[in-house]
2 protein chains.
Amino acid sequence: MTSVKDVARRAGVSVATVSRVLNDSPTVTPATRERVLAAVAELGYRRNAVARSLRTDATRTIGLVIGDILNPFFTELARAVEDEARTLGYSIVIGNADERPDRQDHYVRTLLEQRVDGLLLCPTAEITPLVRGTVRDGLPLVFLDRTLPGLQVPTVRADGAGAIAALVRHLRDLGHERIASISGPALLSTGRERTEAFTAAMRACGLPVRDRYLEAGDFRAGSGQAGAARLLDLPEPPDVIFVGDGLMALGALDEIRARGLRIPHDVALACYDDLPWFTHLDPPVTAIAQPVQELGRRAVRALAERIEDRPVASVVLTARLVVRRSCGEKEGSGPA
Amino acid sequence: MTSVKDVARRAGVSVATVSRVLNDSPTVTPATRERVLAAVAELGYRRNAVARSLRTDATRTIGLVIGDILNPFFTELARAVEDEARTLGYSIVIGNADERPDRQDHYVRTLLEQRVDGLLLCPTAEITPLVRGTVRDGLPLVFLDRTLPGLQVPTVRADGAGAIAALVRHLRDLGHERIASISGPALLSTGRERTEAFTAAMRACGLPVRDRYLEAGDFRAGSGQAGAARLLDLPEPPDVIFVGDGLMALGALDEIRARGLRIPHDVALACYDDLPWFTHLDPPVTAIAQPVQELGRRAVRALAERIEDRPVASVVLTARLVVRRSCGEKEGSGPA
DNA sequence: TTGTACGCGTTATCAG
DNA sequence: CTGATAACGCGTACAA
């Protein structure tokens with residue numbers, strides 16, 4: 001690989017001058033700048049970011065550790081993150097935790113060694129010693145989507161409580177009473193919050209909350225299927241299943257279809273997270289949509305601020321209910 | 001940040017010894033190793049991969065430039081790549097080209113500066129000067145999914161010609177004659193190959209190939225919708241639309257639904273690439289499934305070989321047809 | 001078995 | 001405005 005030395009020799013200047021040109025320092029004659037640039041072009045020189053980082057103590061790189069790259073929510077999130085990062089001049093090193101704390105820690109460790117300038121983390125579990133240490137050491141860190149209580153770390157997430165309340169009212173208005181949910185794991189803030197919002201909304205609507213209607217999954221397809229199976233095996237199966245994310249919805253759909261059940265006649269379905277293909281199902285799936293793009297962008301911007309040592313606050317956006325037909329339709333709203 | 005020096009001081013040894021312990025050199029006394037490890041733990045020392053890379057001229061990092069992170073095909077591919085890379089001890093720096101050659105080049109440039117050990121590229125266009133230069137400079141490079149003719153670069157891809165031929169025969173057996181396709185851009189090998197395989201299969205089946213039934217999209221949802229619209233606006237619209245990838249299928253579905261058309265009665269649909277939710281549509285979508293996981297794994301392994309300077313050959317896996325019901329059903333195969 | 005010292009490619013400081 | 005040179009943190013050849 002050609003280095004500044006080669007360029008310097010070719011241009012007949014010192015390495016210092018080459019460096020100055022490369023970092024467009026103002027203190028350099030147009031003529032020499034010209035010569036250096038010519039040498040750079042002729043040699044096809046490409047600056048070595050590794051050496052540069054060693055010297056400047058910055059990599060212009062941020063780590064992104066997501067829960068599950070197969071989850072459409074995280075995919076869309078990653079896309080937004082990547083987009084905003086590019087705009088700000090950062091590269092993304094990605095880690096897919098696969099919802100496993102050990103994998104999450106593996107990536108955090110690797111990213112720390114790589115000396116990323118900052119870290120965007122969607123925690124997959126309660127606080128691990130490594131994460132606690134990372135916070136203590138002061139590495140710029142922002143939690144995304146999920147948060148960890150008791151840690152002074154800015155979080156960018158969406159609040160779905162309002163949308164969940166609206167959903168429950170919608171279900172009640174449709175005459176449903178036996179409403180079940182398959183939520184995420186209680187270890188995750190998103191799992192907990194959605195369950196709490198759900199039970200609170202049920203009570204607010206005067207609907208009964210039964211323990212056996214509260215299933216906990218792990219945000220992956222298999223657990224959605226298993227949860228739906230347990231629910232449908234109940235002596236008194238629910239009218240409605242509210243699934244905690246898109247992947248589990250896929251699993252629940254598999255189970256419902258395998259049993260030959262019809263939606264919403266035999267069992268209604270609603271999903272936290274909206275997916276592009278939900279509109280193509282028959283009936284289209286009622287869902288709660290998060291402002292995913294915005295979440296990703298805001299997180300990157302927050303992290304960039306932290307990297308530049310400016311204080312940043314957490315941001316909470318709001319999710320919204322998208323009513324479609326998978327929970328039934330209001331009387332009188334059908335064809336006359 | 002604590003460095004080897006700090007560890008050395010703390011352990012009462014030289015930096016060389018610390019380094020030896022860290023790279024578990026055999027020539028070190030258990031006792032001193034113990035002391036060093038203790039110092040490492042006490043100080044919370046984490047080795048600096050940047051400095052290490054500068055010295056060893058290797059980053060244990062590979063670049064992955066994909067066509068479009070929103071495309072489920074690439075998402076699944078990325079997941080497999082990431083998985084295999086972790087197994088082999090590599091980190092992934094990801095770039096989302098968004099199907100734009102300029103973005104592709106942006107990432108290639110960045111990754112070269114970062115000194116990735118190798119590059120996995122899904123080319124978004126014909127050969128760019130940058131890509132040509134990269135090949136010439138000898139950076140370990142493997143093309144994934146798509147290839148670029150005229151370049152000596154190993155490619156890992158799936159051949160869909162057989163599956164496409166099987167699909168066309170399936171369509172013919174079902175009595176379809178006016179078969180249209182919305183393929184990828186002719187600039188991409190995958191676009192070209194799928195179109196060629198399709199027209200060849202049509203001829204082999206004695207079916208007419210009409211130019212106006214040959215639409216070209218760009219592998220994104222919008223172009224699938226636009227292509228479907230043009231096809232359905234034809235004075236003699238096709239019986240079947242064969243869509244070149246999952247994202248365009250989503251767009252085509254949008255258009256079909258917007259027009260209130262029914263599948264397969266009004267127009268049949270088949271898709272290159274299989275998606276998890278295809279089974280939940282009514283009717284389920286007939287698709288061509290690529291061995292995506294295997295593609296990703298093989299690509300990483302090939303790249304790892306190249307990085308270690310071993311010669312590697314291209315690998316061609318085969319896609320397979322998954323018949324479902326979106327193109328109609330064989331007579332007599334329905335309920336008696 | 002361990003320590004000393006150099007160099008990887010850059011940037012930044014300090015003279016000139 | 002430009003050049004010489006130290007330093008970033010690490011791995012390794014060489015010496016002890």
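Residues numbered from 1 in each chain as written. Chains lettered and ligands numbered in written order. Predicted model: local features only at pLDDT ≥ 70, side-chain atom pairs only at ≥ 80, totals over all residues. Heavy atoms only, no water.

With an unreviewed UniProt entry as reference, chain A is termed LacI family DNA-binding transcriptional regulator, source organism Actinomadura vinacea.

J.: How would you explain the overall build of chain A if you had to name every residue and give the values?
T.: Counting its regular elements, chain A contains 12 helices and 12 strands. Relative to its length of 336 residues, chain A is extended, with a C-alpha radius of gyration of 26 Å against a globular reference of 20 Å. Along the longest, intermediate and shortest principal axes, the C-alpha atoms of chain A span 85 × 45 × 35 Å. Buried positions account for 55% of the 336 residues belonging to chain A. Restricting the contact set of chain A to residue pairs at least 6 apart, pairs at least 24 apart contribute 70%. With the model as given, the accessible surface of chain A reaches about 14300 Å², and the carbon-plus-sulfur share is 50%. Measuring between centres, the 43 positive side-chain charges of chain A sit 6 Å from its 43 negative side-chain charges. (Helix = DSSP H or I, 4+ residues; strand = E, 2+ residues; numbered from the N terminus. Rg over C-alpha atoms; globule rule 2.2 N^0.38 Å. Buried < 20%, exposed > 50% of the residue type's maximum accessible area, 1.4 Å probe, protein only. Contact = heavy atoms within 4.5 Å. Areas by Shrake-Rupley, 256 points an atom, 1.4 Å probe, with all protein chains shown as cover. Lys, Arg positive; Asp, Glu negative; His and termini not counted. Charge placed at Lys NZ, Arg CZ, Asp CG, Glu CD.)

J.: Lay out the protein's contact with DNA strand C in plain terms, naming residues and giving numbers.
T.: Close to DNA strand C lie 25 residues; Tyr 45, Arg 52 and Arg 55 of chain A together with Arg 20 and Arg 55 of chain B are nearest. The sugar-phosphate backbone supplies 63% of the atoms of DNA strand C found within 4 Å of the protein. A distance of 2.5 Å separates a base nitrogen of DNA strand C from a polar atom in the side chain of Arg 20 of chain B. Contributions of two or more residues to the surface near DNA strand C are made by helix H1 (4-11), helix H2 (15-22) and helix H4 (49-56) of chain A together with helix H2 (15-22) and helix H4 (49-56) of chain B. When residues in the surface near DNA strand C are grouped by element, the largest group, 5 residues, is from H4 of chain A. Across the surface near DNA strand C, the residue classes tally to 9 nonpolar, 10 polar and 6 charged. (Near = heavy atom within 4 Å. Polar contact = N/O pair within 3.5 Å; in protein donor to acceptor, adjacent residues only side chain to side chain. Nonpolar A, V, L, I, M, F, W, Y, C, P; charged D, E, K, R; others polar.)

J.: Now, about the environment of Leu 148 of chain A: what can you tell me, with residues and values included?
T.: Residues and elements named next belong to chain A. Checked against the element boundaries, Leu 148 lands in the loop between strand S4 (141-144) and strand S5 (155-159). When its relative accessible area of 5% is taken as the criterion, Leu 148 is described as buried. Through-space distance from the C-alpha of Leu 148 to that of Cys 122 is 9.4 Å; in sequence the pair is 26 residues apart. Non-local contacts of Leu 148, meaning those with residues more than four positions away in its chain, are made with Pro 123, Ala 125, Glu 126, Ile 127, Val 131 and Phe 143.

J.: Quick rundown of the sheet that holds strand S2 (residues 91-96) of chain B? Include the residues and the values.
T.: Taken in spatial order, the 12 strands line up as S11(A)-S5(A)-S4(A)-S3(A)-S1(A)-S2(A)-S2(B)-S1(B)-S3(B)-S4(B)-S5(B)-S11(B) in an open sheet, and their pairing is mixed. In this open sheet, the two strands that pair with only one neighbour each are strand S11 (315-318) of chain A together with strand S11 (315-318) of chain B. The average angle at which neighbouring strand axes cross in this sheet is 25°, direction not considered. Judged from the 6 bridges that link them, strand S1 (residues 61-66) of chain B and S2 of chain B form a sheet pairing that is parallel. What sits directly across from Ile 62 of chain B, in S2 of chain B, is Ile 92 of chain B. (Pairing = 2+ DSSP bridges. Axes fitted to C-alpha atoms, helices over the stretch in contact; angles between N-to-C directions.)

J.: Pulling in residues and values, what's your account of unusual backbone geometry?
T.: Omega for the peptide link from Asp 282 of chain A to Pro 283 of chain A comes to 0°, which places this bond in the cis form. Following the sequence through the fold, Pro 283 of chain A ends up in the loop between strand S9 (268-272) and strand S10 (286-289). Despite not being glycine, Glu 99 of chain B has its phi angle at roughly 60°, a positive value. Position of Glu 99 of chain B among the secondary structure elements: in the loop between S2 and helix H6 (101-113). Under the relative-accessibility criterion, Glu 99 of chain B is labelled buried at 13%. Its identity as a non-glycine residue notwithstanding, Phe 219 of chain B has a phi of 70°, on the positive side. Assignment of secondary structure puts Phe 219 of chain B in the loop between strand S7 (214-216) and helix H10 (221-233). Taking relative accessible area as the criterion, Phe 219 of chain B reaches 2% and is therefore assigned buried.

J.: Please give an account of the interface of chain B and chain A that cites residues and values.
T.: Counting residues at the interface gives 49 residues for chain B, matched by 49 residues for chain A. Between chain B and chain A, the buried area comes to about 4500 Å², and carbon and sulfur atoms account for 58% of it. In terms of surface lost to chain A, no three residues of chain B exceed Arg 46, Arg 115 and His 280 of chain B, which account for 16% of the buried area on that side. At the junction of chain B with chain A, the criterion picks out 2 salt bridges. In this structure, Arg 79 of chain A and Asp 98 of chain B form a salt bridge, with 2.8 Å as the shortest nitrogen-oxygen distance. If you look at where chain B meets chain A, you find 22 residue pairs in polar contact (both at pLDDT 80 or more). Listed by contribution, the elements that provide at least two residues to the side of chain B that touches chain A are H4, helix H5 (72-87), S2, H6 and helix H11 (246-258) of chain B. A class-by-class count of the residues in the side of chain B that touches chain A yields 19 nonpolar, 13 polar and 17 charged. Bridge count for strand S2 (residues 91-96) of chain A against S2 of chain B is 3 bridges, and the pairing is antiparallel. Counterpart to Val 93 of chain A in the pairing with S2 of chain B is Val 93 of chain B. (Buried area = accessible area lost by both parts, 1.4 Å probe. Salt bridge = Lys/Arg side-chain N within 4 Å of Asp/Glu carboxyl O.)

J.: So what's going on with the protein's contact with DNA strand D? Residues and values would help.
T.: Within the structure, DNA strand D sits among 24 residues, and Thr 17 of chain A together with Val 4, Tyr 45, Arg 52 and Arg 55 of chain B are positioned closest to it. The protein-proximal atoms of DNA strand D, defined as those within 4 Å of the protein, are 59% sugar or phosphate. One of the side-chain N or O atoms of Thr 32 of chain A is found 3.2 Å from a phosphate oxygen in DNA strand D. Separating a base nitrogen of DNA strand D from a side-chain N or O atom of Arg 55 of chain A is a distance of 3.2 Å. Secondary-structure elements contributing two or more residues to the surface near DNA strand D are H2 and H4 of chain A together with H2 and H4 of chain B. Of the residues belonging to the surface near DNA strand D, the class tally is 9 nonpolar, 10 polar and 5 charged.

J.: Could you give an account of the relation of the copies chain B and chain A, with specific residues and numbers?
T.: Under the fitted operation, chain B is carried onto chain A by 0.0 Å of movement along the axis and a turn of 180°, and the coordinates agree to an RMSD of 0.1 Å. When the rotation and shift are considered jointly, the pair of chain copies conforms to a two-fold rotation axis. Relative to the rotation axis, the closest C-alpha in chain B is found at Val 93 of chain B, a distance of 2.2 Å. (Least-squares fit on C-alpha atoms with pLDDT ≥ 70 in both.)

J.: Summarise the state of the cysteines; cite the residues concerned and give the values.
T.: Note on terminology: disulfide describes a covalent bond linking the sulfur atoms of two cysteines. All names here are of chain A. One pass over the full model with this rule turns up 0 disulfides over all chains. Not engaged in a disulfide, the cysteine Cys 271 finds its nearest cysteine sulfur in Cys 327; these two sulfurs lie 11 Å apart. Judged by its relative accessible area of 0%, Cys 271 falls in the buried class. (Disulfide = S-S within 2.5 Å.)

J.: I'd like a rundown of the pairing of strand S4 (residues 141-144) of chain B, residues and numbers included.
T.: Residue and element names in this part refer to chain B. Taking every second residue as pointing to the same face, both faces of S4 are buried, with Leu 141 and Phe 143 on one and Val 142 and Leu 144 on the other. Pairing between strand S3 (residues 118-121) and S4: 3 bridges, direction parallel. Following the sheet pairing, Leu 120 is matched in S4 by Val 142. In this sheet, strand S5 (residues 155-159) lies alongside S4 in parallel orientation, the contact comprising 2 bridges. When the sheet's bridge partners are listed, Phe 143 is paired in S5 with Thr 155.

J.: Give a description of the sheet that holds strand S8 (residues 240-243) of chain B that names residues and reports values.
T.: Residues and elements named next belong to chain B. Strand order in this open sheet of 6 strands is S7-S6-S8-S9-S10-S12, and the pairing throughout is mixed. Bordering the open sheet on either side are S7 and strand S12 (320-322), each of which pairs with just one other strand. Mean inter-strand twist for the sheet, computed between neighbouring axes without regard to direction, equals 15°. As judged from the 4 bridges shared by S8 and strand S9 (residues 268-272), these two strands associate in the parallel manner. Bridge pairing links Phe 242 to Ala 270 in S9. Where helix H8 (residues 161-173) meets the sheet, its contacts fall on strand S6 (179-183), S8, S9, strand S10 (286-289) and S12, and the angle it forms with S12 comes to roughly 35°. Sitting on the sheet, helix H9 (residues 189-204) touches S6, S7, S8 and S9, and the angle it makes with S6 is about 170°.

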